[in-house]
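Structural description and commentary
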Amino acid sequence: MKKIAVFTSGGDSPGMNACVRAVVRGGIYKGLEVFGIIRGYNGMIQGNIIPLQSHSVSNTIQKGGTILKSARSKDFMTPEGRKKAFENIQKLGIEGIVAIGGDGTFRGAAEFYKEYGIPTVGCPGTIDNDLYGTDYTIGYDTAINTALDAIDKIRDTADSHDRVFFIEVMGRDSGYIAIACGIAGGAEIVMVPETLMDSDEVASILQAGWNRSKTSSIIVVAEGDEEGNAQEVAEKIKTLLPNQFDIRVSTLGHIQRGGSPTARDRILASRLGLAAVDGLLAGYKNVMAGVINDQIVFTPFEDTFQKDKPISQEMIEMVKILSI
Ligand code: ATP
């Protein structure tokens, strides 16, 4: 293998640049020519592919977002789109690809591999931490620290004004972000899609707190919770406990996706970027590089998006015990 390409795809996450940097420099270190595909699968289809040198990734390790840009590509979902992508890859003589993204990105990569057989190794780049095959995804640590900073600030107001705050965090169908920043932020209640907690239960916990003279509370709601988003849950509580609490809602939104990556994310991203290059050179294909128990592990793409990575019961139990 002499030529490889790297791209970022799906939602951006802090640490993607550190991962691109590791792929570029790791590849050059191993004697490879490295190309960057701009705007994910769209760039592959449009032939927006550029050679990268070591200096191309200078001064990027600390930056959020992705210097290669990211996109969601409808065209790559079609056989015609993937054919065009393959032709562009073939034209440049690219023999291996590193795909940095989430489960959708790996679904696309698996499909592409099935049709054209170009070896691809993935790196888990998503703040959601919802991928099977790695303990942590690139960007998760930064996202939970950003959310935690916001929760700490909101708690000051909640406490000063005796308010109950419903804070919505990202994570799509997964409660990883919610449970982590809920525990670290000392939330009274954390609502995640992995456990069923309805508004009646939330109301009774708040009522019990009130009876113990607790006048302010933080409830962290994962955006994908089955009971609804933070606004909807707050409305239900206002109906169940009328006039008892001064209830406010804060949806953190995209601030969780940006910003300078934490040291943890930079190190994880660097490690996985190098592992992806080593993996390609060792003959791995159609797999994601991840870290499990601090060891590099390669997991088939299909497993990364088909298998579940449940939140530990211990974490869920912790919220209950620590909020009494
Ligand atoms: P995040 O977890 O941050 O949302 P992601 O990688 O899951 O990141 P998606 O938008 O779901 O983001 O997927 C990225 C791209 O992968 C899609 O825009 C699409 O081009 C491609 N893709 C997803 N699923 C498939 C599929 N089944 N076949 C072909 N391409 C796909």
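So, a few notes on the structure that sits alongside this text. (Residues numbered from 1 in each chain as written. Predicted model: local features only at pLDDT ≥ 70, side-chain atom pairs only at ≥ 80, totals over all residues. Heavy atoms only, no water.)

**Let's talk about the environment of I144**
- By the secondary structure assignment, I144 is in helix 5 (residues 140-160).
- Using a relative accessible area of 16% as the deciding quantity, one classes I144 as buried.
- When the C-alpha atoms of I144 and G182 are compared, they prove to be 9.3 Å apart, with 38 residues separating the residues in sequence.
- The residues contacting I144, other than those within four sequence positions of it, are I177, A180 and C181. (Helix = DSSP H or I, 4+ residues; strand = E, 2+ residues; numbered from the N terminus. Buried < 20%, exposed > 50% of the residue type's maximum accessible area, 1.4 Å probe, protein only. Contact = heavy atoms within 4.5 Å.)

**What about the pattern of salt bridges?**
- In total, this model carries 19 salt bridges according to the counting rule given.
- Connected via shared salt-bridge partners are D103, R107, D128, D130 and R172. (Salt bridge = Lys/Arg side-chain N within 4 Å of Asp/Glu carboxyl O.)

**Some remarks on a negative patch on the surface**
- Side chains of D152, D156, D159 and D162 sit close together on the surface and give a patch of like negative charge.
- Note that D152 resides in helix 5.
- Classification of D152 as partly exposed rests on a relative accessible area of 39%. (Patch = residues over 30% accessible without salt bridge, like charges linked within 9 Å, V, L, I, M, F, W, Y side chains within 5 Å. Areas by Shrake-Rupley, 256 points an atom, 1.4 Å probe, with all protein chains shown as cover. Lys, Arg positive; Asp, Glu negative; His and termini not counted. Charge placed at Lys NZ, Arg CZ, Asp CG, Glu CD.)

**Concerning the nonpolar core**
- If you look at the biggest cluster of nonpolar residues, it comprises 30 residues, and the most contacted ones within it are V169, I177, V190, I218 and V220.
- Mapped by element, the contributors of at least two residues to this core are helix 5, strand 6 (163-169), helix 6 (176-184), strand 8 (217-222) and helix 11 (313-322).
- A per-element tally of this core places helix 5 first, with nine residues.
- Beyond its immediate chain neighbours, meaning those up to four positions away, I218 contacts I151, I154, R155, A158, F165, I167, A187, E188 and I189.
- By size, the runner-up hydrophobic cluster in this structure holds 29 residues, among which are A18, V57, A269 and L272. (Core = buried A, V, L, I, M, F, W, Y, C linked by side-chain atoms within 4.5 Å.)

**Things to note about the packing of helix 1 (residues 16-29) against helix 9 (residues 263-281)**
- Contact geometry of helix 1 with helix 9 gives a least axis separation of 7 Å together with a crossing angle of 40°. You can see that helix 1 and helix 9 cross each other, and the crossing is right-handed. Residues A18, C19, A22, V23, G26 and G27 of helix 1 pack against R266, A269, S270, G273, L274 and V277 of helix 9.
- For the contact of helix 1 with helix 9, the residue count by class is seven nonpolar, four polar and one charged. (Axes fitted to C-alpha atoms, helices over the stretch in contact; angles between N-to-C directions. Left-handed = near helix turned anticlockwise from the far one by under 90°. Nonpolar A, V, L, I, M, F, W, Y, C, P; charged D, E, K, R; others polar.)

**Notes on the site of the ligand**
- Within the structure, the ligand sits among 17 residues, and R72, S73, D103, G104 and T105 are positioned closest to it.
- In this structure, an oxygen atom belonging to the ligand sits 2.6 Å away from a side-chain N or O atom of R72.
- A distance of 3.4 Å separates an oxygen atom of the ligand from a polar side-chain atom of T126.
- In isolation the ligand has 630 Å² of accessible area, and contact with the protein removes 84% of it.
- For the shell around the ligand, the element with the most residues is helix 4 (residues 103-116), which contributes five residues. (Near = heavy atom within 4 Å. Polar contact = N/O pair within 3.5 Å; in protein donor to acceptor, adjacent residues only side chain to side chain.)

**Brief notes about empty space enclosed by the protein**
- Taken as a whole, this structure holds one cavity of 30 Å³ or more when the rule is applied.
- Of the volumes computed, that of the largest cavity is approximately 30 Å³.
- Taken together, F7, Y41, M44, I97, A99, A109, F112 and T120 form the lining of the largest cavity.
- If you list the elements that add at least two residues to the lining of the largest cavity, you get helix 2 (40-46), strand 4 (96-101) and helix 4. (1 Å grid on protein atoms, 1.4 Å probe; cavity = no way out; pocket = protein on both sides within 12 Å on 5 of 7 lines; lining within 4 Å. Points joined across faces, edges and corners; volume = space filled by probe spheres on them.)

**A few points about the pairing of strand 4**
- With respect to burial, strand 4 is a largely interior element, six of its six residues being buried.
- Side chains G96, V98 and I100 of strand 4 all project onto a buried face; the interleaved residues I97, A99 and G101 project onto the opposite face, where all are buried too.
- Pairing between strand 1 (residues 3-8) and strand 4: five bridges, direction parallel. From the neighbouring strand, T8 faces strand 4, where its bridge partner is I100.
- Sheet topology note: the strand 4/strand 5 (residues 120-124) ladder contains five bridges and is parallel. Of the residues in strand 5, the one forming a bridge with I97 is T120. (Pairing = 2+ DSSP bridges.)

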